[in-house]
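Here are the chains, one letter per residue:
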Amino acid sequence: MGCASQHEKPRDRSRDQVAVTVNAPHFSDANPHEWAGRNPASYPVHGIDASRWQGEIDWQTARANGVSFAFFKATEGGDILDPAFEHYWETAGQAGIPRGAYHFYYFCRPAIEQARWFIKNVPRVQGALPPILDMEWNAHSPTCTRRPNAAHVRAEAKVFMNALEQHYGQRPIIYTSVDFHTDNQLGQLKGYEFWLRSVAGHPSQAYPGQSWVFWQYSGTGLVPGIRGKVDVNAFAGSRGEWQNWVARRAR
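Residues numbered from 1 in each chain as written. Predicted model: local features only at pLDDT ≥ 70, side-chain atom pairs only at ≥ 80, totals over all residues. Heavy atoms only, no water.

### Let's talk about the pairing of strand E7 (residues 173-176)
Remember that side chains alternate between the two faces of the sheet whenever the strand is regular. To keep it simple, the criterion reads: Accessibility here uses a 1.4 Å probe with only protein chains present; expressed as a share of the type maximum, an area under 20% marks a residue as buried, one over 50% as exposed, and anything in between as partly exposed. Helical segments are the DSSP runs of H or I of at least four residues, strand segments are the runs of E of at least two, and each set is numbered from the N terminus. Strands pair, by our definition, only if DSSP identifies at least two bridges between them. If you view a crossover with the strands going away from you and the path from the first strand over the helix to the second runs clockwise, you call it right-handed.
The two faces of E7 match: Ile-173 and Tyr-175 on one face and Ile-174 and Thr-176 on the other face are all buried. By the bridge criterion, four bridges tie strand E6 (residues 132-135) to E7 in an arrangement that is parallel. Bridging across to E7, Ile-132 finds its partner in Ile-173. Each parallel crossover has a hand, and the one from E6 via helix H4 (residues 150-168) to E7 is right-handed. The pairing of E7 with strand E8 (residues 194-197) spans three bridges and is parallel. Its bridge partner being in E8, Ile-174 is matched across the sheet by Phe-194. Taken together, E7, helix H5 (residues 178-183) and E8 form a β-α-β motif whose crossover is right-handed.

### Let's talk about the state of the cysteines
Condition: We call a pair of cysteine sulfur atoms a disulfide when they lie within 2.5 Å.
The tally for this structure, following the rule as stated, stands at one disulfide. One disulfide in the model links Cys-108 with Cys-144; its S-S distance is 1.9 Å. The chirality of the disulfide connecting Cys-108 with Cys-144 is right-handed, given an S-S dihedral of about 85 degrees. Taken as a pair, Cys-108 in the loop between strand E5 (99-104) and helix H3 (111-121) and Cys-144 in the loop between E6 and H4 lie far apart in primary sequence, 36 residues in all. For Cys-108, a relative accessible area of 34% gives the class partly exposed.

This is the structure:
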């Protein structure tokens, strides 16, 4: 990804609407996992997360085939903007899909600078889902190989999330992976909802004792309306619980 140039402050599209209808997911997987215990298919509400690598998406087809929500990569660090973000945000919204944005955290830049960059580029929109803080180790970063200690990671996460909560009026959700969650004892961050990656086991097995609201169960999903592979996710509750969650959180 390249560095972003200066951008105008996003306008507030307060008339955007959130749809909470749920269609049964008609997804497949390029590399299916044989689940032991409760599997993703037992959850009725599914969605995707996407970045520039997914290319053009037919949102009407995706929605008809079970994409009930979508999260998009918006920003990374303090100067990177995903080039597909604005287009995805607009077109998914036009298709009536509840959508939100996530920030990929960079360990070589202060949290407050990263929060300001996200706020600069992600609209404050009535009906949007909560913002997401994506924290995971990035061993392949060409510019930042730092691995701060757990206390520092949690402190910076709170700085970032407090700034976003103040701006958007919604408490952010934390996305993470098994190793990062364990290394940094993220369960100590009380009062936050979690979006957990676990592609080889139920979250209750991979994250013992950790509550969750979204489960990313595959990075090789195949969804009508999307060319190639995409991350697919399940919501933790029933259709009715999803409708209540959106009504409570999407403001």
